[in-house]
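The residues making up each chain are set out below.
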2 protein chains.
Amino acid sequence: MAKAKNILFVMYDQLRFDYLSCAGHPTLRTPNFDRVAAKGVRFTNAYVQSPVCGPSRMSFYTGRYVHSHGAAGNFYPLKVGEITMGDHLRKLGVDCWLVGKTHMVVDAEGMSRLGLAADTPIGARVAECGFDVWVRDDGIVAEGPLGRFKAFPSAYNDYLAAKGYNADNPWHENANAGIEGDGSIASGWLLKNARRPANIQEQDSETPWLTSEAIRFLEAEHDKPWVCHVSYIKPHWPYIAPAPYNDMYGPEDVVPVVRSQAERRDPHPVFGAFMDNPIGTTFSREGVREEVIPAYMGLIAQCDAELGRLLDHLDATGQAEQTMIVLCSDHGDYMGDHWMGEKDLFHDCSAKVPMIVYDPSPEADGTRGTTCGALVEAIDLAPTFVETMGGDVPGHILEGSSLLPWLRGETPEWRDAVFSEYDYTMTTMADDLGKGPKEALLFMVFDGRWKLMHAEGFRPMLFDLASDPQELTDLGTDPDHADEVARLMARLNRWARRNAQRTTMTDTALIGARGRAFEAGIYLGVWDENELDERFRPFVTGTAVRDYTG
Amino acid sequence: MAKAKNILFVMYDQLRFDYLSCAGHPTLRTPNFDRVAAKGVRFTNAYVQSPVCGPSRMSFYTGRYVHSHGAAGNFYPLKVGEITMGDHLRKLGVDCWLVGKTHMVVDAEGMSRLGLAADTPIGARVAECGFDVWVRDDGIVAEGPLGRFKAFPSAYNDYLAAKGYNADNPWHENANAGIEGDGSIASGWLLKNARRPANIQEQDSETPWLTSEAIRFLEAEHDKPWVCHVSYIKPHWPYIAPAPYNDMYGPEDVVPVVRSQAERRDPHPVFGAFMDNPIGTTFSREGVREEVIPAYMGLIAQCDAELGRLLDHLDATGQAEQTMIVLCSDHGDYMGDHWMGEKDLFHDCSAKVPMIVYDPSPEADGTRGTTCGALVEAIDLAPTFVETMGGDVPGHILEGSSLLPWLRGETPEWRDAVFSEYDYTMTTMADDLGKGPKEALLFMVFDGRWKLMHAEGFRPMLFDLASDPQELTDLGTDPDHADEVARLMARLNRWARRNAQRTTMTDTALIGARGRAFEAGIYLGVWDENELDERFRPFVTGTAVRDYTG
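No experiment lies behind these values; they were computed from the predicted model shown.

Scanning chain A from terminus to terminus reveals 20 helices and 19 strands. Relative to the 2.2 N^0.38 estimate, which gives 24 Å for 550 residues, the radius of gyration of chain A is 26 Å and therefore close to what a compact globule would have. Viewed in the frame of its principal axes, chain A has a C-alpha envelope of about 105 × 65 × 55 Å. By the burial criterion, 65% of the 550 residues in chain A qualify as buried. Residue pairs in contact within chain A that sit at least 24 positions apart in sequence constitute 72% of those at least 6 positions apart. With the model as given, the accessible surface of chain A reaches about 18,000 Å², and the carbon-plus-sulfur share is 51%. Seen as two clouds, the 52 positive and the 80 negative side-chain charges of chain A have centres 2 Å apart.

This part covers the interface of chain A and chain B. Taken together, the contacts link 126 residues of chain A with 127 residues of chain B. Taking both partners together, chain A and chain B bury about 10,500 Å²; carbon and sulfur atoms supply 58% of that area. D431 of chain A is the partner of R514 of chain B in a salt bridge, and the nearest nitrogen-oxygen pair spans 2.7 Å. The leading source of residues in the side of chain A that touches chain B is helix 18 (residues 482-496) of chain A, at 5 residues.

This brings us to the confidence of the model for chain A. Per-residue confidence for chain A gives a mean pLDDT of 96, with 99% of residues at or over 70. If you check the scores for this complex, the pTM reads 0.97 and the ipTM reads 0.96.

All right, on to the sheet that holds strand 4 (residues 95-100) of chain B then. Strands belonging to one sheet form pairs held by backbone hydrogen bonds; the direction of such a pair is parallel or antiparallel. Residue and element names in this part refer to chain B. If you trace the 8 strands from one edge of the open sheet to the other, you get 5-4-10-1-11-13-2-14, paired in mixed fashion. Here the strands that pair on one side only, and so sit at the sheet edges, are strand 5 (132-136) and strand 14 (370-372). The mean angle between the axes of side-by-side strands here comes to 15°, regardless of whether they run parallel or antiparallel. Relative to strand 10 (residues 226-231), strand 1 (residues 6-12) is paired through 5 bridges, and the arrangement is parallel.

So, on to the packing of helix 1 (residues 31-39) of chain B against helix 13 (residues 288-316) of chain B. Residue and element names in this part refer to chain B. Running from amino to carboxyl end, helix 1 crosses helix 13 at an angle of 50°, the nearest separation of the two axes being 7 Å. In this view, helix 1 runs oblique relative to helix 13, as classed from their interaxial angle. Residues P31, N32, F33, R35, V36 and K39 of helix 1 form the contact with helix 13, whose participating residues are C303, D304, A305, L307, G308, L311, D312 and D315. For the contact of helix 1 with helix 13, the residue count by class is 7 nonpolar, 2 polar and 5 charged.

What follows concerns the nonpolar core. Residues L8, Y12, W189, V230, Y239 and L327 of chain A together with I522 of chain B are the most contacted members of the largest nonpolar core, which totals 77 residues. For this core, the leading source of residues is helix 13 (residues 288-317) of chain A, giving 14 residues. The next biggest cluster of nonpolar side chains, apart from the first, holds 76 residues, and it includes L20, V99, A175 and I200 of chain B.

This part covers helix 15 (residues 381-388) of chain A. All names here are of chain A. For helix 15, the buried fraction is high: 7 of the 8 residues fall into the buried class. Every buried residue of helix 15 is accounted for by L381, A382, P383, T384, F385, V386 and T388. Backbone geometry just after helix 15 places G390 at a positive phi near 90°.

We now examine the relation of the copies chain A and chain B. Least-squares fitting of chain A to chain B yields an RMSD of 0.0 Å, with the superposition described by an axial translation of 0.0 Å and a rotation of 180°. Taken together, the rotation and translation relating the two chain copies correspond to the operation of a two-fold axis. No C-alpha of chain A approaches the rotation axis more nearly than that of G81 of chain A, which lies at 2.2 Å. Mapped onto chain B, 100% of the interface residues of chain A again fall at the interface, so both copies present the same surface.

Moving on to the pattern of salt bridges. It is possible for side chains of opposite charge to pair when their charged atoms get near one another. In the structure shown here, the tally under the stated rule is 88 salt bridges over all chains. The closest approach of N and O atoms between K451 of chain A and E471 of chain A, which form a salt bridge, is 2.7 Å. Of this pair, K451 of chain A sits in strand 18 (residues 450-455) while E471 of chain A sits in the loop between strand 19 (461-464) and helix 18; the two residues are 20 residues apart in sequence, bridging distant segments of the chain. Each member of the pair, K451 of chain A together with E471 of chain A, is buried. Here R285 of chain B and E531 of chain A are joined by a salt bridge, their closest N and O atoms 3.1 Å apart. Placement of R285 of chain B in the loop between helix 12 (278-283) and helix 13 and of E531 of chain A in the segment after helix 20 (517-520) is noted, with the two residues assigned to different chains. For R285 of chain B, a relative accessible area of 36% corresponds to the partly exposed category.

All names here are of chain A. The strand order 16-17-18-19 describes an open sheet built from 4 strands, whose pairing is antiparallel. Each of the sheet's edge strands pairs with one partner strand only, and the pair in question is strand 16 (418-423) and strand 19. When the angles between neighbouring strand axes are averaged without regard to direction, this sheet yields 15°. In terms of strand pairing, strand 16 meets strand 17 (residues 441-446) through 6 bridges, oriented antiparallel. Looking at the pairing, D423 lines up with L441 of strand 17. Packed onto the sheet, helix 18 meets strand 16, strand 17, strand 18 and strand 19 and runs at close to 65° relative to strand 18.

All names here are of chain A. Summed over all chains, the structure comprises 64 aromatic pairs over all chains. Here the aromatic rings of Y65 and F419 are separated by 6.0 Å at their centres, their planes lie at 90°, and the arrangement is edge-to-face. Residue Y65 is found in the loop between helix 2 (53-62) and helix 3 (66-69), and its partner F419 is found in strand 16; the two are separated by 354 residues along the sequence. Summarising the aromatic geometry, the rings of W189 and W237 are spaced 5.5 Å apart at their centres and angled 50° between planes, so their arrangement reads as tilted.

About the cut-offs
- Residues numbered from 1 in each chain as written.
- Chains lettered and ligands numbered in written order.
- Predicted model: local features only at pLDDT ≥ 70, side-chain atom pairs only at ≥ 80, totals over all residues.
- Heavy atoms only, no water.
- Helix = DSSP H or I, 4+ residues; strand = E, 2+ residues; numbered from the N terminus.
- Rg over C-alpha atoms; globule rule 2.2 N^0.38 Å.
- Buried < 20%, exposed > 50% of the residue type's maximum accessible area, 1.4 Å probe, protein only.
- Contact = heavy atoms within 4.5 Å.
- Areas by Shrake-Rupley, 256 points an atom, 1.4 Å probe, with all protein chains shown as cover.
- Lys, Arg positive; Asp, Glu negative; His and termini not counted.
- Charge placed at Lys NZ, Arg CZ, Asp CG, Glu CD.
- Buried area = accessible area lost by both parts, 1.4 Å probe.
- Salt bridge = Lys/Arg side-chain N within 4 Å of Asp/Glu carboxyl O.
- pLDDT = per-residue confidence, 0-100.
- Pairing = 2+ DSSP bridges.
- Axes fitted to C-alpha atoms, helices over the stretch in contact; angles between N-to-C directions.
- Parallel < 35°, antiparallel > 145°, perpendicular 65-115°, else oblique.
- Nonpolar A, V, L, I, M, F, W, Y, C, P; charged D, E, K, R; others polar.
- Core = buried A, V, L, I, M, F, W, Y, C linked by side-chain atoms within 4.5 Å.
- Least-squares fit on C-alpha atoms with pLDDT ≥ 70 in both.
- Phe/Tyr/Trp six-rings, centres within 6.5 Å; stacked < 30°, edge-to-face > 60°.

Here's what the structure looks like:
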């Protein structure tokens, strides 16, 4: 088996860590995820840097915490100066391609300030978060009173139109809607429609379409090694699947909800605001999970089948032996657990993600089919890719650590905690809680056992995942746990004080500069020449010059 | 009197806050600083964001903390993506000019990544920290075994050469050296030479030369309002002044040293390492201050005289009535106080600076000749300039607050603490203390009474400036002051957690987005159409489409 020449960096959107059969789901079958897990390492403690798409992805793509890159919410542009995975890889002669979704929003003002146009090679990469675009599609071509959502072109809608879907917006009216008997749409936005079949041929739905694009990429000639980010929109909402996935699972396959009445008694104010919002309320209603979760499981099953297509293609073409495969997600989905919908907070179902890595190199033979419980973060992938491609990890820019040692059975020096963040400024909950743009901030720190959530201006939340793996008991104000809270807050604060913006000087350059002032001719604290080494004396004495003092 | 049309932003280098007669120096006479103070406001609690040149200046020029802009040490390039004072001003139709020093180091890698060349209009501004360059001169054309220091062109050396100074490096051999009887140089780098006259005509020395450049700027036609940064190198070392300034002051004019034996007993490890370094040791030696401080005072007296030339020019041309004048410094100088030389730590003599602002507008008439004790930071100037020029302060980028309300006799909502930082990675002290690039960090937080210095990995230092204005008693480990330490650490930590990188979204945009998802067609948590307002229902029902489910 050869070393990895290329990397297939596959991301799903809103895929919970525990909705895979290899991760122990009792009813969902994901034989292809399991197939990668069987030949790779499944990381069982992988956390994202934010539980929402945009900031989480910007952390994956920059290898930096949200607090560092600043694109802290969905649709916050990533600053033009942020260095991406693609920048690091291209320095190594490796291309970095996109097939699918990034949630990148261009920093138009930053580009304009620097005179960068998106139609130049450099500008295009900056505008696309460092990727060269094979095809981009972010899904969510929603329609509302403001018109069609977002200015992203939809390659997928163009495909559907070309295939004869003649609706005005086939994403909206076919791929993500069912059909009523009278021919009107039964929108996937309405949860009551979750188990209907989407009004689309299965092979034309989003996941197969993107897989075909990925295979088209794999079939093309590439003159350089590459990282290809195959980034699926699913199983993200709207929760509606084409046949046969719409009724592959039923209410009998839905795992019990994880919640307790205790959670509703005097909840942490931020938790309370989120559980009481319309999404939390709906997902807490009798019967909603039973309709939505089967659709969600169907969408995952479809992702799994399409992963099988990809894997089969790699096997059939011999590329499997030289292609690292990474399977991950940008965040999870509460699905009614903890009285919540969506993602927003830091319970494991939201902030923990699947992370499976197959490394074809012989050094990884010893770990095939194993799991690894190390505290892994989304920001670890960029350095993993740099190291896999033979580069030195620029530790003054990238904040994660390469996973290669784990893949090769080593036990490296490793972090003692993972961090995640959420800026809820844009939500109505910030209004309800009276928090402005500088205060509507949430942080998570988790050390493998204790998980602290810190919300600016509020009391802490604390969970002991050893005794309470379902995170049902908030110990944040329990006097017996004040020491744990203080310890984790100190850890969070040390993290917040880190010098993450010092990205223009390498550690080597800084250390190399120590004690070099005299070499450069800067003689501070020297009374007379006798205090100077002979090498330096000529610079402060001797030269004969004309007298200008008179 | 008109409102300010232009702003003269004058900076001195290494000028202590207390080395001005208006600030109470008992022997030094600075009639021209006093003249500005008499018609403006003198801020008596102005702190810089770092006590060394480079990071301090980058904070002045970006209006952001060092922790935000990342150029944390001398010669650390400022990231290409950092937005500068010049960027904000040019949006308002105001030019931003440089006459003198910035200590800016170009982010060559960042520019290369974006295809920016320093010889284009945009690239030139990025390379010069947002300024248009009238003349740049950073001084310090040192000579050592590594050759001539730095790649900055020296406009000043060119001037001297044109004036007939025929030395190879007249900065080194004339402006900053005396002359021995045998014609050899008596370098200003050697402190024993501090009171000799520099081997140069006074009018050709650095301060008058730069003043002439500033006057040349003032005499030129400008088609737009401007901020002009007149940035002197002096009274920064080498400590040597031309006649008559070299012996204008003598040992009898030197104020007593501020230090105590108690400071040397079990000092904080970082403080101890700095006081024991060669600079601290030399400045603590009997007789050194008596030679160096008179030269330093002479350099300040020369700065004052040249400020007089500038003020006279403004008065004579009528520009004074439409020109705001700001006088400040990038940091102070220990000058033997606290057993230290140089700057590096956060005692007031190092981290506190002069800050005098004259606002010609009638609204400022009520505050002329007053002092203001508000906690002011270097980062306040950028927003002050933006507001003076009629702009709205972009609070999602600029971290300071406009001083205009204080100038106009108002009492605005104001900060409760100031912050300063120092990255000592490049120093030999980091080696001595065993601290690497991610640990060699110092922070100061000062709330107007209590000053905490936090050094990563060490105990705290704490001073009570109410009972101990000379900062001689470190209370950092005093159990009676544990609450103060905890309170200030909490303040520092809250500051460290701030979302300073969220610069691509305005507060207004974020708040405006609250609750807008339905408008955009994103219907989350909705079971059926009856839960939707009529305005939204057509988007989830109704449209007649072809059936593709079969």
